[in-house]
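Reading the structure
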Amino acid sequence: MKDRILSLIEKQRTFFGTDTTKDVAFRKENLKKLKSAVKRYEQQLLDALHKDLHKSETEAYMTEIAFIYEEIRFVLKNLDSWTKPQKVKTPVSHLGSKSYLYREPYGVTLIIAPWNYPVQLQFSPLIGAIAGGNTALLKPSEYTPTVSRWISELIQETFPSEYIAVVEGGVEESQALLNERFDYIFFTGSVAVGKEVMKAAANYLTPLTLELGGKSPCIVDQDANIELATKRIAWGKFTNAGQTCIAPDYVIVHEQIRADFVQQLKAVVQEFYGKTPLNSEKFGKIVSKRHFTRLITFLQDGDIVFGGQYEEVENRISPTLLENVTWEDSVMKEEIFGPILPLFSFTKFEDLKYHLDQAPNPLALYYFSEDEKKQEKIINSFSFGGGCINDTVMHVANIHLPFGGVGESGMGKYHGEGSFDAFTHEKGILKQTTKFDLPVRYPSFKNSLKYVKKLLK
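Cut-offs used in this document
- Residues numbered from 1 in each chain as written.
- Predicted model: local features only at pLDDT ≥ 70, side-chain atom pairs only at ≥ 80, totals over all residues.
- Heavy atoms only, no water.
- UniProt positions renumbered as here; feature names shortened; annotations may be inferred.
- Helix = DSSP H or I, 4+ residues; strand = E, 2+ residues; numbered from the N terminus.
- Rg over C-alpha atoms; globule rule 2.2 N^0.38 Å.
- Buried < 20%, exposed > 50% of the residue type's maximum accessible area, 1.4 Å probe, protein only.
- Contact = heavy atoms within 4.5 Å.
- Core = buried A, V, L, I, M, F, W, Y, C linked by side-chain atoms within 4.5 Å.
- Domains from an automatic or database assignment.
- Pairing = 2+ DSSP bridges.
- Phe/Tyr/Trp six-rings, centres within 6.5 Å; stacked < 30°, edge-to-face > 60°.
- Lys NZ or Arg CZ within 6 Å of the ring centre and 35° of its normal.
- Axes fitted to C-alpha atoms, helices over the stretch in contact; angles between N-to-C directions.
- Parallel < 35°, antiparallel > 145°, perpendicular 65-115°, else oblique.
- Nonpolar A, V, L, I, M, F, W, Y, C, P; charged D, E, K, R; others polar.
- Buried area = accessible area lost by both parts, 1.4 Å probe.
- Salt bridge = Lys/Arg side-chain N within 4 Å of Asp/Glu carboxyl O.
- Polar contact = N/O pair within 3.5 Å; in protein donor to acceptor, adjacent residues only side chain to side chain.
- Arc of directions from axis to C-beta.

An unreviewed UniProt entry annotates the protein as Aldehyde dehydrogenase originating from Priestia filamentosa. In its Sequence similarities (unreviewed entry) section, UniProt records this for the protein: "Belongs to the aldehyde dehydrogenase family."

**Quick notes on the overall build of the protein**
A tally of helices and strands in the protein yields 15 helices and 18 strands. The globule rule puts the C-alpha radius of gyration for 457 residues at 23 Å, and the 25 Å found for the protein is close to it. C-alpha extents for the protein along the principal axes are approximately 85 × 55 × 35 Å. Looking at the 457 residues of the protein, the share that counts as buried comes to 53%. The contacts of the protein with a sequence gap of at least 6 include a subset with a gap of at least 24, amounting to 72%.

**Quick look at the nonpolar core**
Of all hydrophobic cores here, the largest spans 111 residues; its most connected members are Leu-34, Phe-123, Leu-126, Ile-155 and Val-220. In terms of domain composition, this core takes at least three residues from each of domain 1 (1–212 + 411–429) and domain 2 (217–397). Discounting residues that sit within four places of it in the chain, Val-220 has contacts with Ile-226, Ile-233, Val-251, Ile-252, Val-253, His-254, Ile-257, Phe-261, Phe-346 and Phe-368. Judged by nonpolar contacts, the second largest core, of 21 residues, contains Leu-110, Phe-187, Val-197 and Ala-200.

**Describing the pairing of strand 13 (residues 320–323)**
Summarising the sheet, strand 10 (residues 303–306) and strand 13 pair through 3 bridges and their orientation is antiparallel. From the neighbouring strand, Phe-306 faces strand 13, where its bridge partner is Leu-321. Direction of pairing for strand 13 relative to strand 14 (residues 340–346): parallel, over a ladder of 3 bridges. The residue bridging Leu-321 from the neighbouring strand is Leu-341, located in strand 14.

**Quick word on the packing of aromatic side chains**
In this description, an aromatic ring pair is defined by two values, namely the gap between the centres and the angle between the planes. The full count for this structure, using the stated rule, is 21 aromatic pairs. Note on Tyr-250 and Trp-327: the rings are 5.3 Å apart at their centroids and 85° apart in plane angle, and the pair reads as edge-to-face. Of the two residues, Tyr-250 sits in strand 9 (residues 250–254) while Trp-327 sits in the loop between strand 13 and strand 14, which places them 77 residues apart along the sequence. Overall, Tyr-250 belongs to the buried group, its relative accessible area being 0%. Each member of the aromatic cluster is reached from another via a ring pair, and the members are Tyr-106, Tyr-184, Phe-186, Phe-403, Tyr-414 and Phe-423. Above the ring of Tyr-69, the side-chain terminus of Lys-39 is found at 4.2 Å from the ring centroid. The ring centre of Tyr-100 lies 4.9 Å from the NZ or CZ of Lys-431, which sits over that ring.

**Remarks on the packing of helix 5 (residues 120–132) against helix 6 (residues 145–158)**
Running from amino to carboxyl end, helix 5 crosses helix 6 at an angle of 30°, the nearest separation of the two axes being 11 Å. By the angle class used here, helix 5 and helix 6 are roughly parallel. Contacts from Gln-122, Phe-123 and Leu-126 in helix 5 reach Ile-151, Leu-154 and Ile-155 in helix 6. In terms of residue class, the contact of helix 5 with helix 6 is built from 5 nonpolar, 1 polar and no charged.

**Here's the deal with the sheet that holds strand 5 (residues 164–166)**
Read from one edge of the open sheet, 6 strands run 5-4-3-6-7-17, paired in mixed fashion. Taken across any chain shown, the strands that pair with only one partner, and hence form the sheet edges, are strand 5 and strand 17 (410–411). Taken strand by strand, helix 1 (residues 2–16) contacts strand 3 (108–112), strand 4 (135–139) and strand 5, and its axis lies near 155° from that of strand 4. The strands that helix 6 touches are strand 4 and strand 5; relative to strand 5, the one it contacts most, it runs at about 150°.

**Brief notes about unusual backbone geometry**
In this model, His-415 sits at a positive phi of 90°, which is unusual for a non-glycine residue. Tracing the backbone through its elements, the reader meets His-415 in the loop between strand 17 and helix 14 (417–422). One non-glycine residue with positive phi stands out, namely Asn-447, at about 55°. Tracing the backbone shows Asn-447 in the loop between strand 18 (424–431) and helix 15 (448–456).

**As for the domain arrangement of the protein**
Think of interface size as the accessible area that goes away when the parts come together; that is how it is often given. Considered domain by domain, the protein is made up of domain 1 (1–212 + 411–429) and domain 2 (217–397). Taken together, the contact between domain 1 and domain 2 spans 17 residues of the former and 20 residues of the latter. Carbon and sulfur atoms supply 55% of the area that domain 1 and domain 2 bury against each other, a total of about 1,600 Å² over both sides. Its largest share of buried area at the contact with domain 2, domain 1 owes to His-54, Trp-115 and Tyr-143, together 37% of the area lost on that side. Our enumeration of links across domain 1 and domain 2 arrives at 0 salt bridges. Counting across the interface, domain 1 meets domain 2 through 10 residue pairs in polar contact (both at pLDDT 80 or more). Elements supplying a minimum of two residues to the side of domain 1 that touches domain 2: helix 3 (42–53) and helix 4 (57–83).

**Digging into helix 12 (residues 349–358)**
Along helix 12, the residues classified as buried are Asp-351, Leu-352, His-355 and Leu-356. Seen from one end, helix 12 has its buried residues packed into an arc of 125°, which puts them on one side. Elements in contact with the buried residues of helix 12: strand 8 (217–220), strand 9, strand 14, strand 15 (364–368) and helix 13 (372–381).

This is the structure we're talking about:
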């Protein structure tokens with residue numbers, strides 16, 4: 001395994017050294033190849049997502065496949081302008097010169113994908129790597145083995161291994177990859193594993209992007225549109241059985257509307273998934289027995305308002321609302337990553353601040369209110385990666401918004417131009433004239449300090 005990994009890295013480093021990947025036409029050609037390959041393997045990928053995660057075809061297409069097509073379309077449309085040297089201002093002290101920004105690829109990149117959106121979160125960073133002019137080694141998650149197998153076949157059929165290749169396997173393979181030197185690492189996953197990735201990158205001072213998670217709050221104020229809020233919260237929370245890094249982790253509802261919120265949320269869940277969600281073809285399953293067992297322990301915390309049913313053979317847990325939960329309970333000690341939604345209430349801003357201070361810097365924050373002043377106060381009072389006003393999750397689907405965390409929810413951003421930025425280094429270049437020279441900087445120039453002070457004051 002180590003020999004194969006070393007061989008792949010060496011082949012990719014040699015290929016990158018030919019400068020082939022830097023050619024913009026080459027980048028475009030291979031983005032189109034990737035899109036064609038995903039179209040060719042679309043049904044196999046959709047079937048694999050159903051097998052590994054019980055995603056319905058509609059959900060899988062919307063949240064995994066369509067995302068890739070849109071990203072490639074947008075990058076192809078804009079790549080020429082992104083790759084052109086950008087002229088920037090030059091100060092008067094540099095008379096005769098011009099200044100530019102050049103974008104150059106890092107080189108051999110490693111992209112480690114998670115299991116919750118195993119197609120989208122493998123290929124979306126790859127689009128950035130190709131657009132930036134890099135080579136790439138891909139590491140799909142072992143928790144979605146069917147998807148991993150099809151990704152490996154798709155890549156092997158479409159690209160030479162000296163350009164893009166896949167390394168399948170589990171922790172051992174991931175560790176073997178991280179033991180080697182890459183020019184850039186892109187990791188999506190848990191905070192705990194993210195820390196290990198960052199330690200490994202530090203050995204070679206490798207730049208990296210970490211897309212992590214955290215306990216993303218959802219706040220519903222007393223003036224919110226309850227009917228829309230509950231639909232959008234239920235969709236954001238229970239899509240993919242809650243296994244979404246930006247899903248609402250817990251909800252804080254104004255005390256005056258709490259009862260209405262609970263009643264309406266229960267009705268929405270039944271509307272979405274029927275009276276027995278465990279039998280619904282539209283509702284996903286938990287990815288593994290280990291993850292299922294962890295989530296079941298959270299059902300012991302607080303009181304179940306509705307839901308709480310589970311089925312062990314298929315690792316399925318129904319959408320569940322918990323109340324009377326505290327920050328000392330296990331369900332609030334880590335990101336839930338499942339279809340369990342703890343409920344808190346508030347009456348004033350200080351209540352919100354107390355809750356959000358318990359788990360700072362979440363990847364996302366959602367606020368439901370019709371009051372624009374209160375909306376702006378929430379946006380400016382708390383640090384979080386990104387989010388929505390009067391919606392959940394949808395900010396991630398806007399190609400014009402950079403996506404990424406802050407603090408413990410990650411570092412770096414991508415999507416759209418952000419993906420190109422993530423996989424390129426911005427190189428500043430000054431081009432100086434030879435038609436004349438300003439000798440004031442040279443030690444032989446008399447009274448240079450006086451002239452410099454005049455020039456720069």
